[in-house]
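Read off the chains here:
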Amino acid sequence: MILPVSAAAVAAVAPPGPPSPPRASFAGTAPHLRFRGGVAKLIRDKVIPRLEEWEAAEALPGEFFRWCGAGGLLGTTIPAALGGRGLDFSYAVAQVEEFMSARATGPAVSLMVQSNGVCPLLARHGTPELCGELLGPLISGEAVGSLGATEPSGGSALSHTLRCTAERQGDEWVITGEKAYITNAPIADTVLLLARTVPGTGPLTMSLIAVPSDAPGFEVVAQHRKLGLGASPTGHLRLDRCRVPVRFTVGRQGHGYPHLLPVLCQERLLVAAGSVACARSVLEVTAAGLRGGARDAARPELARMHARLEAARAFVYAAGEQVCAGETDPAAAAAAKFALCEMAQRVAAECARIVGPRSALTGSGLDRVLRETRVLSVFAGTSETMRDVYGSRLATLMQQLPPEEAEC
Ligand SMILES: Cc1cc2nc3c(=O)[nH]c(=O)nc-3n(C[C@H](O)[C@H](O)[C@H](O)COP(=O)(O)OP(=O)(O)OC[C@H]3O[C@@H](n4cnc5c(N)ncnc54)[C@H](O)[C@@H]3O)c2cc1C
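Now for a description of the structure that goes with this document.

Here the focus is the pattern of salt bridges. This model, assessed by the stated rule, comprises 20 salt bridges. A salt bridge links Glu 301 to Arg 304, with the shortest nitrogen-to-oxygen separation between them at 2.4 Å. With Glu 301 and Arg 304 both in helix H9 (residues 292–324) and 3 residues apart, this pair spans about one turn of that helix. Owing to a relative accessible area of 36%, Arg 304 belongs among the partly exposed residues under this scheme. Its salt-bridge partner being Glu 310, residue Arg 313 comes within 3.1 Å of it at the nearest N-O pair. Taken as a pair, Arg 313 and Glu 310 lie in helix H9 at a separation of 3 residues, close to a single helical turn.

And the structure:
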């Protein structure tokens, strides 16, 4: 189980300055620890014994979602009135940290898409009728959900590149287009799809539509084989004049993109928190496996990486606290996503170097982490685009500086 941030460790790397408010409570209070214990048990009992089999088969069975549903992991932040647990974002962070510190990253990603993407979007923006119909099975794990935004033409600048269209004909949407790299698509019962419903480009031209996978014209044309995250099936969808009732629109017509953005930002923070958890556990396993001179030689490097991970965790927790307070900062989420995913990649590579040739063997454990941390730098926004988002914030800040300070 992940332990709360050690204030001493964070203080050791934090620059001197005025005392900051305590952050150790985020995701680390007694109720969090109880919650983490439940998640860790489910992972230990149900996931770990089957993980290698799922990874090899590049499959995630329906029973995984039902176990998560029975454990309350699919509706963690959904209001209790809608069938969820009504917990705040810190519990979503704790959940993903538990999965990724156990290196169950594929299942974590599939779970995250449903629990922190599809369900919150439906709960926040779906009509009571639609929630009544779709949300219950997604929270119980009887149904699997997907979020379909990316297309073969691109996923980074969706407001300009999105080609999938939904044209209204009477009480139905007629949807035509393709979606690529969609988590859970091969096994989904419902895909929350972003389609252009207003001619032209720009952020207010797209709507979110819940598309049942048995709708006429809906087809999974391929499952992608991936470098990592085998136990998180990813697929390519084709919609050929796919007909869906207009009442399946989630949120305001034309507002799908602004509805999606906060959820995407939260997903980025979750991936960042999970990457740190994964890297910490790899580092700790590496340290525990070293003996004698090898251990002494590696100690300074392990200490440096561990301290950086502690600081990184404090950073992502601070951004998470903002989410709990009702504000999601896209620049902070972008910074956390690229910086922490890349930090996890570097830690995994450095641990592999310290462990030596054993780390290169298939099944060493490190081989999968090396591959998965690479894939996480693409999922939910590439490092390059995240740097672009954060860079725009920096540029704005720099413009606000008085000229003499800007020259420093
Ligand atoms: C395992 C996995 C699961 C995924 N699951 C989902 C899912 O469930 N739902 C979903 O909708 N999508 C999903 N995706 C897609 C993912 O979100 C996109 O791959 C990602 O957003 C980038 O889009 P793209 O691949 O189309 O790249 P593009 O947008 O086509 O970009 C191509 C390249 O150009 C670079 N680039 C683009 N813009 C800039 C810029 N401004 N500055 C610098 N470089 C730039 C990118 O970094 C990238 O290297 C998943 C991807 C993976 C790998």
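What follows covers helix H4 (residues 89–101). Spanning 13 residues, H4 covers 18 Å between terminal C-alpha atoms, matching the ideal 18 Å at 1.5 Å per step. The element H4 is extensively covered by neighbouring structure, given that 13 of its 13 residues are classed as buried. Just downstream of H4, Arg 103 is the residue with a positive phi angle, here 60°.

In the neighbourhood of the ligand, 20 residues make up the surrounding shell, with Leu 147, Thr 150, Gly 155, Ser 156 and Thr 382 lying closest. Interatomic distance of 2.9 Å between a backbone N/O atom of Ala 149 and an oxygen atom of the ligand. The side chain of Thr 150 places a nitrogen or oxygen atom 2.7 Å from a nitrogen atom of the ligand. Elements that contribute at least two residues to the shell around the ligand include exactly strand E3 (172–183) and helix H12 (383–400). Residues belonging to the shell around the ligand are distributed by class as follows: 9 nonpolar, 8 polar and 3 charged.

So, about the packing of H9 against helix H10 (residues 330–355). At a minimum axis separation of 11 Å, H9 and H10 run at an interaxial angle of 160°. Classified by the angle their axes make, H9 and H10 are roughly antiparallel. Crossing handedness for the pair H9 and H10: left-handed. Across from Ala 298, Glu 301, Leu 302, Met 305, Arg 308, Leu 309, Ala 312, Phe 315, Val 316 and Ala 319 in H9, the residues of H10 making contact are Ala 332, Ala 335, Ala 336, Leu 340, Met 343, Val 347, Glu 350, Cys 351 and Ile 354. Looking at the contact of H9 with H10 residue by residue, the classes come out as 16 nonpolar, no polar and 3 charged.

For any pair of aromatic rings, the description consists of the separation of the ring centres together with the inter-plane angle of the planes. One pass over the full model with this rule turns up 6 aromatic pairs. Ring plane angle 50° and centroid distance 5.0 Å describe the contact between Phe 26 and Tyr 317, whose orientation is recorded as tilted. Of this pair, Phe 26 sits in the loop between helix H1 (7–13) and helix H2 (30–57) while Tyr 317 sits in helix H9, placing them 291 residues apart in sequence. Note on accessibility: Phe 26 and Tyr 317 belong to one class, buried. Between Phe 64 and Phe 99 the ring centres are 6.3 Å apart and the planes differ by 85°, which places this aromatic pair in the edge-to-face class. Taken as a pair, Phe 64 in helix H3 (residues 62–70) and Phe 99 in helix H4 lie far apart in primary sequence, 35 residues in all. Each member of the pair, Phe 64 as well as Phe 99, is classed as buried. What links up through ring pairs into an aromatic cluster is the set Trp 54, Phe 64, Phe 65 and Phe 99. If you follow Arg 387 out to its NZ or CZ, it ends over the ring of Phe 338, 5.2 Å from the centre.

For Ala 56, the position within the fold is in helix H2. Owing to a relative accessible area of 65%, Ala 56 belongs among the exposed residues under this scheme. It is 25 Å that separates the C-alpha atoms of Ala 56 and Ala 272, two residues lying 216 residues apart in sequence.

Attention now moves to a nonpolar patch on the surface. A contiguous nonpolar surface patch, about 360 Å² in accessible area, is contributed by Leu 394, Leu 397, Met 398 and Leu 401. Inspection of the secondary structure assignment puts Leu 397 in helix H12.

We now examine unusual backbone geometry. Even without being a glycine, Ala 27 presents a positive backbone phi close to 65°. Mapped onto the elements of the fold, Ala 27 is located in the loop between H1 and H2. Of note in this structure, Glu 58 is not a glycine but carries a positive phi near 50°. Considering the arrangement of structural elements, one finds Glu 58 in the loop between H2 and H3. By relative accessible area, Glu 58 is classed as buried at 13%.

Procedures and definitions
- Residues numbered from 1 in each chain as written.
- Predicted model: local features only at pLDDT ≥ 70, side-chain atom pairs only at ≥ 80, totals over all residues.
- Heavy atoms only, no water.
- Salt bridge = Lys/Arg side-chain N within 4 Å of Asp/Glu carboxyl O.
- Helix = DSSP H or I, 4+ residues; strand = E, 2+ residues; numbered from the N terminus.
- Buried < 20%, exposed > 50% of the residue type's maximum accessible area, 1.4 Å probe, protein only.
- Expected span 1.5 Å × (residues − 1).
- Near = heavy atom within 4 Å.
- Polar contact = N/O pair within 3.5 Å; in protein donor to acceptor, adjacent residues only side chain to side chain.
- Nonpolar A, V, L, I, M, F, W, Y, C, P; charged D, E, K, R; others polar.
- Axes fitted to C-alpha atoms, helices over the stretch in contact; angles between N-to-C directions.
- Parallel < 35°, antiparallel > 145°, perpendicular 65-115°, else oblique.
- Left-handed = near helix turned anticlockwise from the far one by under 90°.
- Contact = heavy atoms within 4.5 Å.
- Phe/Tyr/Trp six-rings, centres within 6.5 Å; stacked < 30°, edge-to-face > 60°.
- Lys NZ or Arg CZ within 6 Å of the ring centre and 35° of its normal.
- Patch = residues over 30% accessible without salt bridge, like charges linked within 9 Å, V, L, I, M, F, W, Y side chains within 5 Å.
- Areas by Shrake-Rupley, 256 points an atom, 1.4 Å probe, with all protein chains shown as cover.

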